[in-house]
Structure formats: structure tokens, C-alpha cells
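A structural walkthrough
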Amino acid sequence: MESSGLALAAGVVAGAAGAACIFRWQSKKEKALVRRSSSSEKVQCNEFATTPSALLPTMQRVSTVIRDELPEQQVDRKIVYLVRHAQAAHNILEAAAKAAVRNRGGSEAEQEEARKAVLDNPDNFDAALSVKGQSQASASRDELAKLFKSTHYPPPECVLVSPLQRTLHTASLLFPDHPKMEARERLREKRTGKPCDERKPAAEAARQFPHISFDTIAKLDARSDDGHKFRPEFLEGNAQVEKRAATLLDLLRSRKEKSIAVVAHKGYLRELYKGTLARLKVGRCSGAPALQRAITEALDDNVGSNALKLQLDPIFGNAEVRVLQVAFDRDPSQPPSISLKLLGDAVEHPPMLSVR
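A quick note: this is a predicted structure, and the numbers were derived from the prediction, not measured. Within any chain, residue numbers begin from 1 and follow the written order of that chain's sequence. Thresholds applied to this predicted model are a pLDDT of at least 70 for local features of residues and 80 or more for the giving and counting of side-chain atom pairs; totals over whole chains, interfaces and linings are not thresholded and use all residues. Derived side-chain values reflect all non-hydrogen atoms in the structure, with water molecules and hydrogen atoms excluded from consideration.

1. Quick notes on the environment of tyrosine 273
Put simply, the rule reads: Going along the chain from the N terminus, every DSSP run of H or I of four or more residues is numbered as a helix, and every run of E of two or more is numbered as a strand.
With respect to the secondary-structure elements, tyrosine 273 resides in helix H10 (residues 266-275). Taking the C-alpha atoms as reference, tyrosine 273 lies 9.4 Å from alanine 246; in sequence the two are 27 residues apart.

Rendered as C-alpha cells:
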């Protein structure tokens, strides 16, 4: 009995020593990977995904770790699912027009002119999803379901969507029977004057999508027909869309929900990405030891405001979902910090700490 007691005690001591060694090793590893916070509070861990074209052409994907150095009690964290609509009918016509010019040896400028000419067709007014687009949205829905089931990422508590038909339909397929879907004017595509980029009046859209709230759109329409009758003074360039997209952060900050889906358009998301998200702090870039040297050679150690520009394509594919985590400082005068990743990366490599 005495010998077994001694053996048990020795085992406990050895286990404690081993745990201490592991703790010291982890501590050294943490210090080697990220810059130390000036605060004594704990450091929240996020992840940031990179694509191969900009950094490591020989790699399929690089997943790196981002440290958000704000103390936990000083931030309001939100998960945002950024979504581009699935393929619409006018997208098929655009591709076909460009291919026809390309096949006869036309220049890129001629291809672009042919693409724009297709968009002038009034039959493309507030274009609907194609059959392929509906399949794309269903596939993305399945990927999102996998994310919600296999990781801590929560389903969106609300869905904010552009009031154009292709986004409304995409949102309806991605989040069927969702109880809180709202159409928002600020999320619409760039107003080009093309029929495909104009919307129906709120009352008409609400009849087509009765499960989506058009309350804010209806109030705008009650004041004027500016939202659904194009006039030359409404023409937008990229700078105007960038300015409009920048207001999304204020909208997100004002919402009480912690997880939100935003379903919008290629042009809108591109300008949001390039003009707003790319300027926000994402922290230092560090990854698995085998990749760390290659990443450091490709980028400055302190990636800073260029991280998104360098690592992710600003153009979203049809029905593409990206997962954005935003940490809003409790001081509204301070800009938020972010992490962003592709949906596939979020499924395979969720953040190290829960954001619930």
C-alpha cells in the first residue's frame, strides 16, 4: 500500500512538472508569434486567411493567426457573413457577349463594350437569378450549414439584403425561413443607369418576397421615386459607392445582433473591401512555423493597412461567402479591428477562441 502511494505521488509530481513545461513552451511560442500587448489584459486570438496568388503561388492556401490586442471588455465583437448574390440572368448575357467578341479576335476594350451593350437591354431590368445561380446559392447554403454545425460560428441573427431581386432571391435561398430579413437601400449595387441595376418599388418587391421586411425602403419610396426611377443625377462612380459602403460599419455597430449576414453585389463589396476594410487594423501576420519565413519574405512583418489588399481578391465570386469578424472599440471615435477569411477556411480553421 505504501509503495503504491509513493508511486501515485511521484506520478502527480511528474504530471505537474510536465504541465509546467508545456505551459512554458506555449508561453515562449506565443511570444515568438505575436507582438506583446502593452496591456496586462488577455489577448484575443483570431485567424486570417490568405489566397495563393499574392503570397505563395505554390501553396493552395495559407491560414495565419491574427491577434486582436484590445482587452476583452473594451470591444463589441460581431460576426458578419458577407455575401455576393448568385449568378443572375444578365451575368450569363455579359459572359456570352464577351466570349463572342474574344472568339473573333476582339480586344479587351471591345469585349468590355460588348458587355456593357448587353446591359442596356430593358429586358434585364432588376434581373432575376439564373437556374445556375439558384444552384450556386443552394451550394453556399450547404457550406454555411456545415460551418454552423462543425464550428462555434453562429447562424446570423438577422439578414440585411440589397433591395434588388437577385440579392433578395439569393438571401432567401441561403437563409430559408429566416425570421428577420431586412432590405436596405444602402446595400444596392452601383447605380449605373443600366436596367439590371435598378430596383422595383418597395410595395412590388414586398409582394414578391413577403418574408422580407421592406419597411425602410417603403419610407424612402413614400417620400420620392428616386430609388426606383433612375435620373442622370443619380449616376454613381466607384468613389460614390465607396462612400456609401463605408456607412456599413456604422450600421453594424448600431445593431444589437452579434451575428449578421449582409447580401450585396460585386461592385458594392469591392468598394467596401478596398475602400474601408483594407484600411482597418488587422494586426501582425504570423502562421505555422514552416510558413512563417515565407510569409515574412513576402510581406513586411507589420502588415497593417495593406493586409486585405495583398492577401484577398477584392472581387467576390457569385454566391461567395466570406466571414468577417469585427471588434468595435467601446470608444466610438476609435476604428474597429477586423479579421476576414474565406468560407472554406472558416470551416476548416475556425478561430482559436470562441466569439459567442
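2. Brief notes about the packing of aromatic side chains
Any two aromatic rings considered together are summarised by their centre-to-centre distance and by the angle between their planes. Here is the rule we go by: Centres within 6.5 Å make a pair out of two Phe, Tyr or Trp rings, where for Trp the six-membered ring is used; the pair is then stacked when the planes are under 30 degrees apart, edge-to-face when over 60, and tilted otherwise. Burial here depends on accessible area, computed with a 1.4 Å probe over protein chains only, as a share of the maximum for the residue type. Under 20% is buried, over 50% is exposed, and the range in between is partly exposed. Consider the ring centre and the ring normal. A charge sits over the ring if Lys NZ or Arg CZ is within 6 Å of that centre and within 35 degrees of that normal.
Counted by the stated rule, this structure contains 1 aromatic pair. Summarising the aromatic geometry, the rings of tyrosine 81 and phenylalanine 148 are spaced 5.6 Å apart at their centres and angled 75° between planes, so their arrangement reads as edge-to-face. Residue tyrosine 81 is found in strand S3 (residues 75-84), and its partner phenylalanine 148 is found in helix H4 (residues 131-150); the two are separated by 67 residues along the sequence. Pair check on accessibility: tyrosine 81 and phenylalanine 148 agree, each one buried. Directly above the ring of tyrosine 273 sits arginine 322, whose terminal nitrogen or CZ lies 5.6 Å from the centroid.

3. Remarks on the nonpolar core
A general feature of soluble globular proteins is that nonpolar side chains tend to end up buried together. Rules: Here, nonpolar core refers to any group of buried Ala, Val, Leu, Ile, Met, Phe, Trp, Tyr and Cys residues whose side-chain atoms link them within 4.5 Å.
If you look at the biggest cluster of nonpolar residues, it comprises 28 residues, and the most contacted ones within it are Tyr81, Leu144, Leu147, Ile212, Phe214 and Val323. In terms of nonpolar packing, the next biggest core, distinct from the first, is built from 27 residues, Leu248, Leu252, Leu277 and Leu280 among them.

4. Describing the side chain of glutamate 236
Condition: Contacts are residue-level and defined by heavy atoms, with any inter-residue pair within 4.5 Å sufficient.
You can see glutamate 236 is positioned in the loop between helix H7 (215-223) and helix H8 (238-246). Discounting residues that sit within four places of it in the chain, glutamate 236 has contacts with Glu189, Lys190, Arg191, Val241 and Arg244.

5. Describing the packing of helix H2 (residues 89-103) against helix H3 (residues 108-119)
The cut-off we apply is this: Only the stretch in contact is used when a helix axis is fitted, and all axes are lines through C-alpha atoms; the angle between N-to-C directions ranges over 0 to 180 degrees. For a crossing to be left-handed, the near helix must be turned anticlockwise from the far one by less than a right angle; the clockwise case is right-handed. Classification convention: Asp, Glu, Lys, Arg as charged; Ala, Val, Leu, Ile, Met, Phe, Trp, Tyr, Cys, Pro as nonpolar; all other residues, Gly among them, as polar.
It is the contact of H2 with H3, at a shortest axis distance of 8 Å, that shows an interaxial angle of 145°. Our pair here, H2 against H3, has a crossing hand that is right-handed. On H3, the residues touching His90, Leu93, Glu94, Ala97, Lys98, Val101 and Arg102 of H2 are Glu110, Gln111, Ala114, Arg115, Val118 and Leu119. A per-class count over the contact of H2 with H3 returns 6 nonpolar, 2 polar and 5 charged.

6. Concerning the sheet that holds strand S8 (residues 337-342)
Keep this limit in mind: Any two strands between which DSSP finds at least two bridges are classified as paired.
As summarised here, the arrangement of the 6 strands in space is S5-S4-S6-S3-S7-S8, forming an open sheet in which the pairing is mixed. Where the open sheet ends on each side, the last strands, each with one partner, are strand S5 (181-183) and S8. Strand after strand, the sheet turns through a mean of 20° between neighbouring axes, direction not considered. Direction of pairing for strand S4 (residues 158-161) relative to S5: parallel, over a ladder of 3 bridges. Within S5, the position partnered with valine 159 by the bridge is methionine 181.

7. Overview of the confidence of the model for the protein chain
Using the following cut-off: A score from 0 to 100, pLDDT tells how confident the predictor is in each residue.
Looking at the protein chain as a whole, its pLDDT mean stands at 77, while 69% of the residues score no less than 70. A low-confidence stretch, residues 283-310 stays under pLDDT 50, and its non-local contacts, those more than four residues away or across chains, total 58 contacts. Note that residues 352-356 has pLDDT below 50 and, in this model, 16 contacts with residues that lie over four places away or in other chains.

8. So, the pattern of salt bridges
We count it as follows: One speaks of a salt bridge when a side-chain nitrogen belonging to Lys or Arg is within 4 Å of a carboxyl oxygen belonging to Asp or Glu.
Tallied over the entire structure, the rule returns 26 salt bridges. We note a salt bridge from glutamate 143 to lysine 146, for which the minimum N-O separation is 3.3 Å. Of the two residues, glutamate 143 and lysine 146 both sit in helix H4, 3 residues apart, roughly one turn of that helix. On the basis of relative accessible area, glutamate 143 is assigned to the partly exposed category, the value being 30%.

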